[in-house]
Amino acid sequence: MLRSNKCDLRRLMRARNKDMSTEMRIVASRQIVRQVEELDEFVRANTVLLFWPLPDEVDVSSLALNWYGDKRILLPVVVGDELELRQFLGQESLIEGAFGILEPVGEPFTDYQSVDLVIVPGLAFDSRGGRLGRGKGYYDRLLPRLKAVRVGVCFEHQICDRLECESHDVSMDRVICNRGPIK
């Protein structure tokens, strides 16, 4: 996919996300969270990497809030051009970080091999597991370091027929939207 096509698709997906009502976003996010919780990979996972959502992303914060006592929950922290992992120890341990995203404080988590499952945001996905992110490449640099199962989460309107991915783009093992799994 040409750079201009990616930019156009990002612009389209941002507009579609903006058009979602708060109620629609809440209902769709709950449907997606329920599906994630039912995944065998989630049930078996001891260590799960999530993300604290931006306002236009699937709200998976309830996974962190509901499961951090039973599973090791990690969240990414933006440090320069990289994502650093830190353990989530409750909402009171979050501070506003880069891009206005809430991020956990504490020591960096570096035992990448112990991460069992990673839940990944994106602006668009396809049925082959292709992912279009926000364009900074944070997840494309982080994910190759992890041996975890990669699950992309998105709203139904973020599903594309086919994304043209580049060699550095990391694909998902599964993709879940509010209408159900697409991969």
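See above for the structure.
Report follows, based on the coordinates.

Reading the values: rules and limits
- Residues numbered from 1 in each chain as written.
- Predicted model: local features only at pLDDT ≥ 70, side-chain atom pairs only at ≥ 80, totals over all residues.
- Heavy atoms only, no water.
- 1 Å grid on protein atoms, 1.4 Å probe; cavity = no way out; pocket = protein on both sides within 12 Å on 5 of 7 lines; lining within 4 Å.
- Points joined across faces, edges and corners; volume = space filled by probe spheres on them.
- Helix = DSSP H or I, 4+ residues; strand = E, 2+ residues; numbered from the N terminus.
- Nonpolar A, V, L, I, M, F, W, Y, C, P; charged D, E, K, R; others polar.
- Core = buried A, V, L, I, M, F, W, Y, C linked by side-chain atoms within 4.5 Å.
- Buried < 20%, exposed > 50% of the residue type's maximum accessible area, 1.4 Å probe, protein only.
- Contact = heavy atoms within 4.5 Å.
- Pairing = 2+ DSSP bridges.
- Axes fitted to C-alpha atoms, helices over the stretch in contact; angles between N-to-C directions.
- Phe/Tyr/Trp six-rings, centres within 6.5 Å; stacked < 30°, edge-to-face > 60°.

### Quick notes on the layout of surface pockets
No. 1: By volume, the largest pocket amounts to about 600 Å³.
No. 2: Where the lining of the largest pocket is concerned, the elements lending two or more residues are α1 (3-19), β2 (72-79), β9 (131-132) and α5 (138-142).
No. 3: When its residues are assigned to classes, the lining of the largest pocket shows 14 nonpolar, five polar and 11 charged.

### Digging into the nonpolar core
Soluble globular proteins tend to bury their nonpolar side chains together.
No. 1: Counting 51 residues, the largest nonpolar core has Ile 119, Leu 146 and Val 153 as the members making the most contacts within it.
No. 2: Setting aside residues no more than four positions away along its own chain, Leu 146 makes contact with Leu 49, Leu 85, Tyr 112 and Val 115.
No. 3: Membership of the second largest hydrophobic core comes to seven residues, among which are Leu 9, Leu 123, Ala 124 and Leu 132.

### Some thoughts on the sheet that holds β2
No. 1: The sheet built from eight strands is open, its strands ordered β6-β3-β2-β1-β7-β10-β12-β13 with mixed pairing. Of all the strands in the sheet, just β6 (108-109) and β13 (180-181) have a single pairing partner and so form its edges.
No. 2: Of the pairings in the sheet, the one linking strand β12 (residues 174-177) to β13 comprises two bridges and is antiparallel in character. Paired with Ile 176 across the bridge in β13 is Pro 181.
No. 3: Sheet contacts for helix α2 (residues 22-38): β7 (117-120), β10 (149-153), β12 and β13; angle to β12, the most-contacted strand, approximately 145°.

### A word on the packing of aromatic side chains
No. 1: The full count for this structure, using the stated rule, is four aromatic pairs.
No. 2: Consider the rings of Phe 99 and Tyr 138, whose centres lie 6.2 Å apart with planes at 70°: the pair is edge-to-face. Residue Phe 99 is located in the loop between β4 (94-96) and β5 (102-104), and its partner Tyr 138 is located in helix α5; the two are separated by 39 residues in the primary sequence.
No. 3: Phe 99 sits in the exposed class, given a relative accessible area of 52%.
No. 4: Owing to a relative accessible area of 15%, Tyr 138 belongs among the buried residues under this scheme.
No. 5: The structure contains a cluster of three or more aromatic residues connected by ring pairs, namely Trp 52, Tyr 68 and Phe 88.

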